[in-house]
Amino acid sequence: MAMKITVIGLGYLGTTHAVAMAKVGHQVIGIEPNQQKIDSLVQGRAGFFEPGLDQELAAQLASGRLTFKQAHDESSRDADIHFICVGTPQSAGSMAADTSYLESAIQALAPFLREDALVVGKSTVPVGTAAKLAQQLAKATGFTSPNLAWNPEFLREGTALEDSLHPDRLVIGVTNPRSEALLREVFAPMIDAGIPFLVTDLATAELVKAAANAFLATKISFINAMAEIAEVSGADATELAQAIGYDERIGNKFLRNGVGFGGGCLPKDIRALIARAEELGVGESVSYLHEIDKINLRRRDRVITLLTEELGSLSGKRVLVLGAAFKPDSDDVRDSPALGIALLARAAGAEVVVHDPIALHGVAVKHPELELEQDLAKAFIGIHAVVLATEWKEYRELDPNTVTPKEKFIIDGRNVLDVARWQQAGFKVLALGRTITN
Ligand code: UGA
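Just so we're clear, the structure is a prediction, and the values are computed from it rather than from any experiment. (Residues numbered from 1 in each chain as written. Predicted model: local features only at pLDDT ≥ 70, side-chain atom pairs only at ≥ 80, totals over all residues. Heavy atoms only, no water.)

Overview of the overall build of the protein
Next up, step 1: Counting secondary structure elements, the protein contains 17 helices and 14 strands.
Next up, step 2: Expected size for 438 residues packed as a compact globule is a radius of gyration near 22 Å; at 24 Å, the protein falls within 12% of this value.
Next up, step 3: Its C-alpha atoms give the protein principal-axis dimensions of about 70 × 50 × 40 Å.
Next up, step 4: When contacts within the protein are restricted to residue pairs at least 6 apart in sequence, long-range pairs at least 24 apart make up 70% of them.
Next up, step 5: Within the structure as shown, the protein displays about 18,800 Å² of accessible surface, and the carbon and sulfur contribution to it stands at 54%. (Helix = DSSP H or I, 4+ residues; strand = E, 2+ residues; numbered from the N terminus. Rg over C-alpha atoms; globule rule 2.2 N^0.38 Å. Contact = heavy atoms within 4.5 Å. Areas by Shrake-Rupley, 256 points an atom, 1.4 Å probe, with all protein chains shown as cover.)

As for the sheet that holds strand β10 (residues 351-355)
Next up, step 1: Read across the sheet, six strands follow the order β11-β10-β9-β12-β13-β14 without closing on themselves; strand pairing throughout is parallel. The open sheet terminates on both sides in strands that have one partner only, identified here as β11 (371-372) and β14 (428-431).
Next up, step 2: Judged from the four bridges that link them, strand β13 (residues 409-412) and β14 form a sheet pairing that is parallel. Opposite D412, over in β14, you have A431 as the bridge partner.
Next up, step 3: Where helix α13 (residues 337-347) meets the sheet, its contacts fall on β9 (318-322), β10 and β12 (385-388), and the angle it forms with β10 comes to roughly 165°. (Pairing = 2+ DSSP bridges. Axes fitted to C-alpha atoms, helices over the stretch in contact; angles between N-to-C directions.)

Considerations on the site of the ligand
Next up, step 1: Around the ligand, a shell composed of 21 residues is seen, among which L155, E157, N213, R256 and K327 lie nearest.
Next up, step 2: Between the ligand and L155, the relevant distance is 2.7 Å, taken from an oxygen atom to a main-chain nitrogen or oxygen of the residue.
Next up, step 3: K209 has a polar side-chain atom sitting 2.8 Å from an oxygen atom of the ligand.
Next up, step 4: Starting from 720 Å² of accessible surface for the ligand in isolation, the protein chains cover 93%.
Next up, step 5: Those elements giving two or more residues to the shell around the ligand turn out to be α9 (202-233) and α11 (266-279). (Near = heavy atom within 4 Å. Polar contact = N/O pair within 3.5 Å; in protein donor to acceptor, adjacent residues only side chain to side chain.)

As for the packing of aromatic side chains
Next up, step 1: Here the structure, examined in full by the defined rule, presents three aromatic pairs.
Next up, step 2: Between Y12 and F48, the aromatic rings sit 4.2 Å apart at their centres with planes inclined by 25°, giving stacked as the arrangement. With Y12 in helix α1 (residues 12-23) and F48 in the loop between α2 (35-42) and α3 (53-63), the pair connects residues that are 36 residues apart, well separated along the chain. Summarising the burial analysis for this pair, Y12 and F48 share the class buried. (Phe/Tyr/Trp six-rings, centres within 6.5 Å; stacked < 30°, edge-to-face > 60°. Buried < 20%, exposed > 50% of the residue type's maximum accessible area, 1.4 Å probe, protein only.)

What about the environment of A214?
Next up, step 1: Among the secondary structure elements, A214 is positioned in helix α9.
Next up, step 2: Assessed through its relative accessible area of 6%, A214 is described here as buried.
Next up, step 3: Along the sequence, A214 and V286 sit 72 residues apart, while their C-alpha atoms lie 9.3 Å from each other.
Next up, step 4: Sequence-distant contacts of A214, defined by excluding residues within four places in its chain, comprise I270, L273 and L289.

Observations concerning α1
Next up, step 1: With 12 residues, α1 should reach 16 Å at 1.5 Å per residue; the first-to-last C-alpha distance of 17 Å fits that figure.
Next up, step 2: Taken across its 12 residues, α1 has 11 buried, putting it largely inside the fold.
Next up, step 3: Buried within α1 we find Y12, L13, G14, T15, T16, H17, A18, V19, A20, M21 and A22. (Expected span 1.5 Å × (residues − 1).)

As for unusual backbone geometry
Next up, step 1: In this structure, F254 is a non-glycine residue whose phi angle is positive, near 60°.
Next up, step 2: Backbone geometry places D335, a non-glycine residue, at a positive phi of 50°.
Next up, step 3: Checked against the element boundaries, D335 lands in the loop between β9 and α13.
Next up, step 4: Exposure remark for D335: the relative accessible area of 30% places this residue in the partly exposed category.

Quick look at the domain arrangement of the protein
Next up, step 1: Taken as a whole, the protein is organised into domain 1 (4-197), domain 2 (210-292) and domain 3 (299-431).
Next up, step 2: For domain 1 versus domain 2, the distance between C-alpha centres works out to 29 Å.
Next up, step 3: Between domain 1 and domain 2, the contact holds 12 residues from the first and 10 residues from the second.
Next up, step 4: Buried area between domain 1 and domain 2, both sides added, is near 950 Å², and the carbon and sulfur share of it is 65%.
Next up, step 5: Run the count over domain 1 and domain 2 and you get zero salt bridges.
Next up, step 6: Counting across the interface, domain 1 meets domain 2 through four residue pairs in polar contact (both at pLDDT 80 or more). (Domains from an automatic or database assignment. Buried area = accessible area lost by both parts, 1.4 Å probe. Salt bridge = Lys/Arg side-chain N within 4 Å of Asp/Glu carboxyl O.)

A word on the nonpolar core
Next up, step 1: Judged by nonpolar contacts, the single largest core of 53 residues is most densely connected at V303, L307, L320, V352, F380, V387 and I411.
Next up, step 2: The residues touching V303, leaving out its near neighbours within four places in the chain, are V259, I341, V387, I411 and L432.
Next up, step 3: The next biggest cluster of nonpolar side chains, apart from the first, holds 40 residues, and it includes F68, I81, A149 and M190. (Core = buried A, V, L, I, M, F, W, Y, C linked by side-chain atoms within 4.5 Å.)

Comments concerning the side chain of Q136
Next up, step 1: Structurally, Q136 is set in helix α5 (residues 129-141).
Next up, step 2: According to the relative accessible area criterion, Q136 is buried, its value standing at 19%.
Next up, step 3: Residues within four places of Q136 in sequence aside, it is in contact with E103, I106 and Q107.

With respect to the pattern of salt bridges
Next up, step 1: Under the defined criterion, the tally for this structure stands at 29 salt bridges.
Next up, step 2: D116 is paired through a salt bridge with R114; the nearest N and O atoms lie 2.8 Å apart.
Next up, step 3: The exposure class assigned to D116 is partly exposed, which follows from its relative accessible area of 35%.
Next up, step 4: We note a salt bridge from R184 to E180, for which the minimum N-O separation is 3.0 Å. You can see R184 and its partner E180 sitting in helix α7 (residues 177-186), four residues apart, about one turn around the helix.
Next up, step 5: R184 sits in the partly exposed class, given a relative accessible area of 36%.
Next up, step 6: Of the residues examined, E180 reaches a relative accessible area of 22% and is grouped as partly exposed.
Next up, step 7: Connected via shared salt-bridge partners are D80, R114, D116 and R178.

Below, the structure is given as structure tokens:
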């Protein structure tokens, strides 16, 4: 049955969730304090690149099921469920997550909350946050035990809408049967489609998300650690990944070695988990995550080592970095390995040109020291070395005979190029985690 809901915070998570909830038939009010964002949303533009999302946003606006507001008003009181989707970025000067946006969201919602309505957190949080927010909510509303649940989101950028509508599983942390019943109702289309539905306590639901991202980061850094060994022993980490991946207990996903993980989630989430475990007195349990972070960052240094081994001093050398986004099909440059490499090469004296099909707008203001080029063929002109750092389709499919750099030298930072083809076109090709004979 269609329910009335609000979705608070319209970033990546909130916008996708609001659209997905409208698509399954609910009446959704999206709440976002930033008027510019609202102006863009009401015109059917999410404000970030996500395949298929703008079209679905426009369709849901047209259906009349999705509306946006800058702040709660009396209409929020009609909602049965309020989903909180605000950001929890890394705090300035520490590894911990900053939960202040959640606290503000709770405070702003409290005057418009019905006692029988449910508040559901979807943001990624340090374990224990939900219990604290429940106390804050009780104080702000005067309700003895307000209904608060946690429902972590597992969507990936690039496939966000699809992941929201067809998740691998739904996890809900609840403290009473009414919360569970409301969440079963709102997610009924997914539950009916056979998606596993797990009911836990608040702490477990919060920790499931932190654990899932820590595991994914660990898998990537594991294969990148093997790549470090492969590089000094003559082994091939890509073949190694394929071989161990056939073991179903290991699995072949998230074992692609290369320049490592970035984005707005994995890096900050492992740091937040370390910080929270330390606060709880069990820092040793996840102290290995420090190494996961370090292995990941060392991959960027490896690219600089390969560049200097080939070019000598980078001073006066023009280096082209292919990619700025942290992964393809996204314009997100937060903690991007590609951008990290561009900045390291620049710090080592190179003149750096960055190409990306869609993410350059996010780089221009922050890094005026980098030269940005939108035209791929032009970007190669006068270049001494190329680094493929984000595996966009246009790079994987690029015909090496159509580009004319000054020196034909490329480092495949994602192990996606057809090496023989590039070599036939006269390029010297190096890659991470394997030795290529040129
Ligand atoms: C990640 C998780 O995959 C989602 O499940 C989670 O919901 C999300 O964080 C979140 O916490 O919101 P996302 O940040 O969109 O999703 O990106 P991923 O697809 O996980 O990729 C992360 C990084 O790892 C990228 O830089 C990617 O290039 C890199 N990666 C991924 C590798 O280097 N190797 C791999 O084998 C896979």
